[in-house]
Amino acid sequence: MRTVTAYATPSAKAPFEKTTIQRRDLGPRDVLIKIHFAGICHSDIHTGRNEWGEANFPFVPGHEIAGTVEEVGSEVDRYAVDDRVGVGCMVDSCRECKNCLAGQEQYCLQGMTGTYGSIGADGRPTDGGYSSHIVVDQNFVVGIPEGVDLDKAAPLLCAGITVFSPLKHWGAGPGSKVAVVGMGGLGHMAVKIAHALGAEVTVLSQSLSKQEDGAKFGADHYFATSDESTFEQLAGSFDLIINTVSASLPMAKFLSLLSLDGTLVSVGAPSEPLEVPAFALIGGRKSWAGSMIGGIAETQEMLDFCAEHHIGAEIELISGDDIGGQIDAAWDRVVDSDVRYRFVIDTGSFA
Ligand code: NAP
Ligand code: ZN
């Protein structure tokens, strides 16, 4: 066991505290990663505030990890010391079920092992990336190409892949009209990636306050959902809608914006149920779907795509003194939709 520095919350809604945690000894196929940066995902907050059920405390969140390899196990052949690497939302899966064999480890039929909140290979609860180091099997580590800075790359490991996967799956590209609902962490990545894929991109945000930023990220159009005329104006417009909102929305209104055979994909995961009247789907042969992160190979494909297109996240860096207080404040700002557009913790300064 190796003792490393981390920030944990001792109970739901309690302030973050500096602490130490144990990482397992390196197995033959394990990689010890020095974490340079960890993104703050809204899922960390849903989990840490018990919005998805009772979490395990003390809770060390973080599943947007970017760092460098510090040490490798005897059989590691994919990575070497000093390589730039990332870890996302999962650190293991059964590797044998049909979904794992298809490269869809996130849908492992035995349940994938989460980077936090699961039981790890050593039988202990897994702790996330708000820490100085992590030990991960090489098959669940991805390479971060040169061409994207590590701090701006960290959010790609969850926010980036969570929107890349459905955009690819539902064919976003030249000639397709894509709407992104909510321009927070996931949403701003969806705008950048959909634009780079060649789609015509519309942002549907609560207000027009971030319109200029949306244009910078590649949005062709920008509308406020607080304005009822938006729904009349855009009825039947989109082939694909990616809903990134962390709260429950009136789904029928958003489904009315789909064109014939269009699909609305929910990636936002509010604790409250979403309601869909059958008639919102029947008229126009519409689909309502969900999507969860992406597989390991697809995560690597996304990182390579982002490097090629010079795409990183827009970040606010948490560094220096009172890291715990800054994390508490960042969580509140994310919940208030006051994030521009991802908080990233300078975990490299912990040790
Ligand atoms: P985020 O940064 O907080 O972004 C969510 C955005 O939704 C906000 O910035 C805001 O954008 C909009 N919004 C928030 N509350 C709203 C409300 N009451 N009504 C309308 N719009 C509202 O969060 P995130 O990190 O991007 O995560 C978004 C959601 O995706 C979370 O539920 C998270 O758990 C989930 N998630 C799912 C996956 C997956 O695999 N499916 C992966 C990661 C995260 P505007 O101000 O522009 O309206
Ligand atoms: Zn996440």
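To keep things clear, this report deals only with the structure shown in the data block. These numbers come from a predicted model, not from an experiment.

Some details on the packing of helix 4 (residues 159-169) against helix 10 (residues 296-308)
Phase 1: Where helix 4 meets helix 10, the closest approach of the two axes is 10 Å, and the angle between their N-to-C directions is 95°. As judged from the angle between their axes, helix 4 and helix 10 are roughly perpendicular. Across from G160, I161, F164, S165 and K168 in helix 4, the residues of helix 10 making contact are E298, T299, E301, M302 and F305.
Phase 2: Residues that form the contact of helix 4 with helix 10 fall into these classes: four nonpolar, three polar and three charged.

Describing the nonpolar core
Burial of nonpolar side chains together is a common tendency in soluble globular proteins.
Phase 1: Counting 66 residues, the largest nonpolar core has I144, L156, L167, V178, M189, V191 and I193 as its most contacted members.
Phase 2: For M189, the contacting residues outside a window of four places in its chain are L156, A159, G160, V163, I311, G312 and A313.
Phase 3: In terms of nonpolar packing, the next biggest core, distinct from the first, is built from 23 residues, I21, I40, V339 and I345 among them.

Quick notes on the environment of S207
Phase 1: Tracing the sequence through the fold places S207 in the loop between strand 11 (200-205) and helix 6 (211-217).
Phase 2: Sequence separation of S207 and G182 is 25 residues, and the distance between their C-alpha atoms is 9.8 Å.
Phase 3: Those residues in contact with S207, other than ones at most four positions away along the chain, are Y222, A224 and S226.
Phase 4: Within the structure, the side chain of S207 is placed 3.0 Å from the side chain of S209, a separation counted as a polar contact.

Structural notes on the packing of aromatic side chains
Phase 1: A full pass over the atoms with the stated rule returns eight aromatic pairs.
Phase 2: Ring centres of F16 and W331 lie 5.0 Å apart, and the angle between their planes is 75°; on these two criteria the pair is classed as edge-to-face. Of the two residues, F16 is situated in the loop between strand 1 (2-8) and strand 2 (17-23) and W331 in helix 11 (residues 323-335); the sequence distance between them amounts to 315 residues. The two residues F16 and W331 agree in class, both being buried.
Phase 3: Seen in terms of ring centroids, F164 and F305 are 5.6 Å apart; in terms of plane orientation they differ by 50°. Their pairing is tilted.

About the cut-offs
Residues numbered from 1 in each chain as written. Chains lettered and ligands numbered in written order. Predicted model: local features only at pLDDT ≥ 70, side-chain atom pairs only at ≥ 80, totals over all residues. Heavy atoms only, no water. Axes fitted to C-alpha atoms, helices over the stretch in contact; angles between N-to-C directions. Helix = DSSP H or I, 4+ residues; strand = E, 2+ residues; numbered from the N terminus. Parallel < 35°, antiparallel > 145°, perpendicular 65-115°, else oblique. Contact = heavy atoms within 4.5 Å. Nonpolar A, V, L, I, M, F, W, Y, C, P; charged D, E, K, R; others polar. Core = buried A, V, L, I, M, F, W, Y, C linked by side-chain atoms within 4.5 Å. Buried < 20%, exposed > 50% of the residue type's maximum accessible area, 1.4 Å probe, protein only. Polar contact = N/O pair within 3.5 Å; in protein donor to acceptor, adjacent residues only side chain to side chain. Phe/Tyr/Trp six-rings, centres within 6.5 Å; stacked < 30°, edge-to-face > 60°.

These results come straight from atomic positions and should not be treated as a statement about function.
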